[in-house]
Amino acid sequence: MTEQEHVVVLGFDGEGLAVATRESWALTAGDAAELYRAARHDGLGACVFSTCFRVEVVVSGPREPDALAAWTRAHLAALRPDAPGDVFATRADAEALRHLLRVASGLESAVLGEAQILGQVRRARAAAQAAGTLSPALRLSLAAAVRAGRRVRQRTGLGRGAASTASAAVRLADEAGGLGGRHAFVIGGGQIGRLLMNQLQGTGLAQLTLVSAHAPEHVGFRVLRPEHLAHHLGRADVVFASTDRLALPVGVARGAWSDGRARTVIDLGVPRNVPDEIGRIPGVALHDIDALGQVVDARLEARRAAVPQATGLVEAELRDLLVELDGLRREALIADLRRQAERVRSETVAHVCGRCADRTCEPEPGHVPRCSDPDTLTRTLTTRLFHDLTASLRQRTDGLAEDDLRRLFALDHD
């Protein structure tokens, strides 16, 4: 019989955690693939998304929430045996689903209402789909999360203003040393890098350079291959690093920045892209991603004012999702009942017909089959179908309501 499918979320919001702790839990695509492989092996649903500030692992299956959480913690510990496991909070069922919807809506982001998280949830869902780990409950839940995130952005002011990691980084660079008339380098052509390039347009920079191994030449800024960085880095006044690897080697930076000129370096990577030693080079001010939380956003109050409306939309979406999941469980129960009824029917036909001496139900070609003893066949079938139910009812001592049973089986009180 199908058991109830539970959903748990193990995750942390890294805003209050040290960068080193977040680095230790920066799950790679390979880590996610290993979790997906284990989930498939154990018949569980799973979806993983890891960002600069948070890691969320969503697992679903016909196990109790405590068992699902233990399974997830064990597999996370296997991926990172030396990383602290106590940073993960566990949420189950309705609370887990509420958290998932709030994350996708930007309500749980370090930069309130950040624009990138919804896209990250979409990509994580697509990866889980490709891995074959989207269980029915997880598919409904992630669809609701994306829907909630989209509605919050369309109907409230939560997403308005400088509500992205990239925009906060540009604001930080402007406040730290200014952008007008300076030369900025963006190292990394991924999503954050592209957002940075967009945000830096119109800031008064004298020159803008994208350091990327694959980006094509572009009108409006210069494209530099990573192997040529050392030769050109000396001209940089502001550097944004956003890759999945070391972006700025210490030796390269020391060689290029020996003149002591004031420079700003903002490291948006988790794990960090820029070693701490670079911040000790004379004239260099190094900021990691935690510094973004200190950026004053002039529109933050407006976004905070939108939180109650956004929360209401999330709660409405959650109610609809719980109804959908309840319907999913009922459909699974009905399917189980139908399978059991078909098994009983097949066994009954084999039993009754096997004892019948007439065998008129085996017609000659072109003749319609006719049971010679339909009364015995149907009485036996009815008895066998209701045997387990009636036996269970006689043994129940928990005060099962008679009215509920009558409604369930459409029985008249008469």
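Structural notes, computed from the coordinates. (Residues numbered from 1 in each chain as written. Predicted model: local features only at pLDDT ≥ 70, side-chain atom pairs only at ≥ 80, totals over all residues. Heavy atoms only, no water.)

## Looking at unusual backbone geometry
How we decide: The helix count covers DSSP runs of H or I at least four residues long, the strand count covers runs of E at least two residues long, and both are numbered beginning at the N terminus.
Here Asp 93, not a glycine, exhibits a phi torsion of approximately 50°, which is positive. Mapped onto the secondary structure, Asp 93 falls in helix α4 (residues 93-104).

## Let's talk about the nonpolar core
For the record, the criterion: Note on terminology: a nonpolar core comprises buried Ala, Val, Leu, Ile, Met, Phe, Trp, Tyr and Cys residues joined through side-chain atoms within 4.5 Å. Under the scheme applied here, a residue whose accessible area is under 20% of the maximum for its type counts as buried, over 50% as exposed, and between as partly exposed, the area being computed with a 1.4 Å probe on protein chains only.
Counting 59 residues, the largest nonpolar core has Trp 25, Tyr 36, Cys 47, Leu 76, Phe 88 and Leu 101 as the members making the most contacts within it. One finds Phe 53, Ala 173, Leu 196 and Val 270 within the second-largest nonpolar core, a separate group that totals 29 residues.

## Topic: the pairing of strand β5 (residues 183-187)
Our working rule: For two strands to pair, DSSP has to find at least two bridges joining them.
Most of β5 is tucked away: five of the five residues are buried. Every second residue of β5 is oriented toward a common face, with His 183, Phe 185 and Ile 187 on one face and Ala 184 and Val 186 on the other, all of them buried. Two strands pair when backbone bridges link them, and β5 and strand β6 (residues 207-211) are joined in this way by five bridges, in the parallel orientation. Bridge pairing links Ile 187 to Val 211 in β6. Relative to strand β8 (residues 238-241), β5 is paired through four bridges, and the arrangement is parallel. Following the sheet pairing, Val 186 is matched in β8 by Phe 240.

## Some points on the sheet that holds strand β9 (residues 263-267)
As a reminder of what qualifies: Think of each axis as a best-fit line through the C-alpha atoms, taken over the contacting stretch in the case of a helix, with angles from 0 to 180 degrees between the N-to-C directions. Between two residues, a contact is recorded if the distance between any of their heavy atoms is within 4.5 Å.
Spatially, β7-β6-β5-β8-β9-β10 is the arrangement adopted by the six strands of the open sheet, whose pairing is parallel. For this open sheet the edge positions go to β7 (222-224) and β10 (284-287), each flanked by a neighbour on one side alone. Direction aside, neighbouring strands of the sheet carry axes that sit 20° apart on average. In the sheet, β9 pairs with β10 via four bridges, with the strands oriented parallel. In the sheet register, Arg 263 faces β10, and the bridge partner there is Val 284. In the packing of helix α7 (residues 165-177) onto the sheet, the strands contacted are β8, β9 and β10, and the crossing angle to β9 comes to about 155°. In this fold helix α8 (residues 191-200) packs onto β5, β6 and β8, with an angle of close to 160° to the strand it touches most, β5.

## Considerations on helix α5 (residues 116-131)
Filter applied, for reference: In this analysis, the expected span of each helix is defined as 1.5 Å times one less than the number of residues it contains.
Relative to the 22 Å expected for 16 residues at 1.5 Å per residue, α5 spans 23 Å between its end C-alpha atoms, a close match to the ideal helical length. Taken together, the buried positions of α5 are Gln 116, Ile 117, Leu 118, Gly 119, Gln 120, Val 121, Ala 124, Ala 128 and Ala 131. At the exit of α5 stands Gly 132, carrying a positive phi of roughly 75°.

## Considerations on the packing of aromatic side chains
Applied cut-off: Centres within 6.5 Å make a pair out of two Phe, Tyr or Trp rings, where for Trp the six-membered ring is used; the pair is then stacked when the planes are under 30 degrees apart, edge-to-face when over 60, and tilted otherwise.
Summed over all chains, the structure comprises two aromatic pairs. Centroid distance Phe 12 to Phe 88: 5.2 Å. Interplanar angle 65°. Geometry classified as edge-to-face. Of this pair, Phe 12 sits in strand β1 (residues 6-13) while Phe 88 sits in the loop between α3 (65-79) and β4 (89-92); the two residues are 76 residues apart in sequence, bridging distant segments of the chain. The two residues Phe 12 and Phe 88 agree in class, both being buried. With relative accessibility at 6%, the residue Phe 88 sits in the buried group.

## Here's the deal with the side chain of Glu 56
Its place among the elements puts Glu 56 in strand β3 (residues 54-61). Sequence-distant contacts of Glu 56, that is, excluding residues within four places in its chain, are made with Val 9, Leu 10, Gly 11, Phe 12, Cys 47, Val 48, Phe 49, His 99 and Val 103.

## Points about the pattern of salt bridges
Just so we agree on the cut-off: The salt bridge definition used is simple: a Lys or Arg side-chain nitrogen within 4 Å of an Asp or Glu carboxyl oxygen.
Applying the stated rule across the entire model yields 13 salt bridges. Taking the shortest distance from any N to any O, the salt bridge between Asp 31 and Arg 80 comes out at 2.7 Å. Of the two residues, Asp 31 is situated in helix α2 (residues 29-41) and Arg 80 in the loop between α3 and β4; the sequence distance between them amounts to 49 residues. When its relative accessible area of 10% is taken as the criterion, Asp 31 is described as buried.

## Looking at the sheet that holds strand β2 (residues 45-50)
One open sheet accounts for four strands, arranged β2-β3-β1-β4; its pairing is antiparallel. At either margin of the open sheet sits one strand with a lone partner, and together these are β2 and β4. Between one strand axis and the next, the sheet turns through 15° on average, direction left out of account. When β1 meets β4, the two strands line up antiparallel, connected through four bridges. Opposite Val 8, over in β4, you have Ala 92 as the bridge partner. Along the sheet, helix α6 (residues 136-155) contacts β1, β2 and β3; its crossing angle with β2, the most-contacted strand, is approximately 35°.

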